[in-house]
Amino acid sequence: MRAFLRHLRAEPPRPVSYRAANYVPLKPWQVRGRRFTRRGRRGVDAAEVAEFLDRVAHDLAEVYAALGSSRRETERIKDALRCWQSRRAREDLAARR
């Protein structure tokens, strides 16, 4: 139990979010099911559409940033593994001689 609690304390702090506490990121089903208020013959409320598009754009930007970070981390790990494998192969070859 103590090891588990130490692990919890050792976690790095999460990034600070500057959103309101009640903000919930959009889910795909919310985007697909979104309907806008009809405004007679003129279509939908432009301000409502603009607000929704801003929110979608913001959430997508966060997703792409997280994806980029994940890809960079994956490349870093792959490079470290390649270096370790090369070092290990050289050590094994030297030990056989």
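Residues numbered from 1 in each chain as written. Predicted model: local features only at pLDDT ≥ 70, side-chain atom pairs only at ≥ 80, totals over all residues. Heavy atoms only, no water.

### Section: the pattern of salt bridges
This model, assessed by the stated rule, comprises 3 salt bridges. R82 is the salt-bridge partner of D79, the closest N and O atoms lying 2.7 Å from each other. Here D79 pairs with R82, and both are found in helix 3 (residues 46-96), just 3 residues apart, close to one helical turn. In this structure D79 comes out as partly exposed when scored by relative accessible area, which is 37%. Overall, the relative accessible area of 44% leaves R82 in the partly exposed class. (Salt bridge = Lys/Arg side-chain N within 4 Å of Asp/Glu carboxyl O. Helix = DSSP H or I, 4+ residues; strand = E, 2+ residues; numbered from the N terminus. Buried < 20%, exposed > 50% of the residue type's maximum accessible area, 1.4 Å probe, protein only.)

### Let's talk about a nonpolar patch on the surface
A cluster of nonpolar side chains, L60, Y64 and L67, forms an exposed patch at the surface whose accessible area comes to about 300 Å². Within the secondary structure, L60 sits in helix 3. Residue classification places L60 among the partly exposed residues on the basis of a relative accessible area of 42%. (Patch = residues over 30% accessible without salt bridge, like charges linked within 9 Å, V, L, I, M, F, W, Y side chains within 5 Å. Areas by Shrake-Rupley, 256 points an atom, 1.4 Å probe, with all protein chains shown as cover.)

### Digging into the environment of G43
Looking at the element boundaries, G43 is found in the loop between helix 2 (28-33) and helix 3. The residues touching G43, leaving out its near neighbours within four places in the chain, are T37 and R38. (Contact = heavy atoms within 4.5 Å.)

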